[in-house]
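# Structure assessment
Listed below, chain by chain, are the residues.
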Amino acid sequence: AQSVSQHNHHVILSEAASLELGCNYSYGGTVNLFWYVQYPGQHLQLLLKYFSGDPLVKGIKGFEAEFIKSKFSFNLRKPSVQWSDTAEYFCAVNTPYGGSQGNLIFGKGTKLSVKP
Amino acid sequence: EPEVTQTPSHQVTQMGQEVILRCVPISNHLYFYWYRQILGQKVEFLVSFYNNEISEKSEIFDDQFSVERPDGSNFTLKIRSTKLEDSAMYFCASRRTSGDEQYFGPGTRLTVT
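A brief structural summary. None of the values given here were measured: they were computed from a predicted structure.

## Some points on the overall build of chain A
- A count of helical and extended segments in chain A gives zero helices and 12 strands.
- Walking chain A from its N terminus toward its C terminus, one meets helices and strands in the order β-β-β-β-β-β-β-β-β-β-β-β.
- Taken against the 2.2 N^0.38 rule, which gives 13 Å for 116 residues, the C-alpha radius of gyration of chain A at 14 Å falls within 12% of a compact globule.
- Summarising its shape, the C-alpha atoms of chain A cover approximately 45 × 30 × 20 Å along the three principal directions.
- In chain A, which comprises 116 residues, the proportion classed as buried is 47%.
- Within chain A, contacts between residues at least 6 apart in sequence are counted, and of these 56% link residues at least 24 apart.
- In chain A, the 10 positive side-chain charges and the 7 negative ones have mean positions that sit 4 Å from each other.

This is the structure in structure tokens:
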């Protein structure tokens, strides 16, 4: 069965610091990869996604992620965080083929707190 | 921009009662999903729905749960006899095609007392 691991439960950074949130998945076949963000009191929003092609994916608000197939990883990065990036970040995968209708498997989430 | 909407935002019910959570997916979307997130835990897949039938369901989605698309716009999740452990945030999501991302609603917080 597929699973997603996010190793950092809570990350605290100061503004302008660089961010990297880890995400590893376990599945031997082809996967689609996603990062969702949930701002306080709001719903899940897509930050970026990887389906195929360039493994370095750029998303909204200056975020990017790199798919490293050999490491089963899809880490999220941002060179300089802002206070408004305070949110919970979820990595998720689904499979593009087979009987599964694309249901997402989520990691436990990483809470990011940015100090002004 | 079109959005997935959910009602109510918060539902409080007593154990053993039936609840219906409502979702209005984005209008041209074809795939529909329910997920839940128990406080402090990960978002978990419950069920997917396509072409007016359940495509896939998780182990959580037992006989107490059912889904319906009663008309062209609503997508509902019914819990027949709620248990304390059903307390969670329930998210509806939809997507247009199999190659697209899923769009999530704001969630319904269900509290079972």
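Now that the structure has been shown, we can carry on.
## Thoughts on the overall build of chain B
- A tally of regular secondary structure across chain B gives zero helices and 11 strands.
- For chain B, the sequential pattern of α-helices and β-strands runs β-β-β-β-β-β-β-β-β-β-β.
- A compact globule built from 113 residues would reach a C-alpha radius of gyration of about 13 Å, and chain B, at 13 Å, matches this within 12%.
- Projected onto the principal axes, the alpha-carbon positions of chain B cover approximately 40 × 25 × 25 Å.
- In chain B, which comprises 113 residues, the proportion classed as buried is 45%.
- In chain B, the proportion of contacts linking residues at least 24 apart, taken out of those at least 6 apart, comes to 54%.
- Accessible area for chain B stands at about 5,700 Å²; split by element, carbon and sulfur atoms hold 44% of it.
- Within chain B, the 15 negative side-chain charges are centred at a point lying 2 Å from the centre of the 11 positive side-chain charges.

## Re the interface of chain A and chain B
- At the interface, 20 residues of chain A touch 19 residues of chain B.
- Each partner contributes to the roughly 1,700 Å² buried at the junction of chain A and chain B, and carbon and sulfur atoms together form 54% of this total.
- One can count one salt bridge joining chain A with chain B.
- Of the charged contacts, one joins Lys-49 of chain A and Glu-101 of chain B as a salt bridge, the two residues approaching to 3.5 Å between their closest N and O atoms.
- In this structure, the connection of chain A to chain B is made through three residue pairs in polar contact (both at pLDDT 80 or more).
- Listing elements by their share of the side of chain A that touches chain B, those giving two or more residues are β5 (32-38), β6 (45-50) and β10 (87-94) of chain A.
- Among the elements that take part in the side of chain A that touches chain B, β5 of chain A stands out by supplying three residues, more than any other.

## A few points about the packing of aromatic side chains
- The full count for this structure, using the stated rule, is 20 aromatic pairs over all chains.
- Through successive ring pairs, a cluster of aromatic residues spans Phe-34, Tyr-36, Phe-51, Phe-90 and Phe-106 of chain A together with Tyr-33, Tyr-35, Phe-45, Phe-91 and Phe-104 of chain B.
- The lysine or arginine in question, Lys-49 of chain A, covers the ring of Phe-51 of chain A, its NZ or CZ lying 5.3 Å from the ring centre.
- Taking NZ or CZ as reference, Arg-95 of chain B lies 5.1 Å from the ring centre of Tyr-31 of chain B, over its face.

## Some points on the sheet that holds strand β7 (residues 65-68) of chain B
Residue and element names in this part refer to chain B.
- Ordered by their spatial adjacency, four strands build an open sheet running β1-β3-β8-β7, and the pairing between neighbours is antiparallel. The strands lining the two open edges of the sheet, one partner per strand, are β1 (5-7) and β7. Along the sheet, successive strands turn relative to each other by an average axial angle of 20°, direction set aside.
- Sheet analysis places β1 next to strand β3 (residues 19-24), joined by three bridges and oriented antiparallel. Pairing of Thr-5 across the sheet is with Val-24, part of β3.

The rules behind the values
Residues numbered from 1 in each chain as written. Chains lettered and ligands numbered in written order. Predicted model: local features only at pLDDT ≥ 70, side-chain atom pairs only at ≥ 80, totals over all residues. Heavy atoms only, no water. Helix = DSSP H or I, 4+ residues; strand = E, 2+ residues; numbered from the N terminus. Rg over C-alpha atoms; globule rule 2.2 N^0.38 Å. Buried < 20%, exposed > 50% of the residue type's maximum accessible area, 1.4 Å probe, protein only. Contact = heavy atoms within 4.5 Å. Lys, Arg positive; Asp, Glu negative; His and termini not counted. Charge placed at Lys NZ, Arg CZ, Asp CG, Glu CD. Areas by Shrake-Rupley, 256 points an atom, 1.4 Å probe, with all protein chains shown as cover. Buried area = accessible area lost by both parts, 1.4 Å probe. Salt bridge = Lys/Arg side-chain N within 4 Å of Asp/Glu carboxyl O. Polar contact = N/O pair within 3.5 Å; in protein donor to acceptor, adjacent residues only side chain to side chain. Phe/Tyr/Trp six-rings, centres within 6.5 Å; stacked < 30°, edge-to-face > 60°. Lys NZ or Arg CZ within 6 Å of the ring centre and 35° of its normal. Pairing = 2+ DSSP bridges. Axes fitted to C-alpha atoms, helices over the stretch in contact; angles between N-to-C directions.

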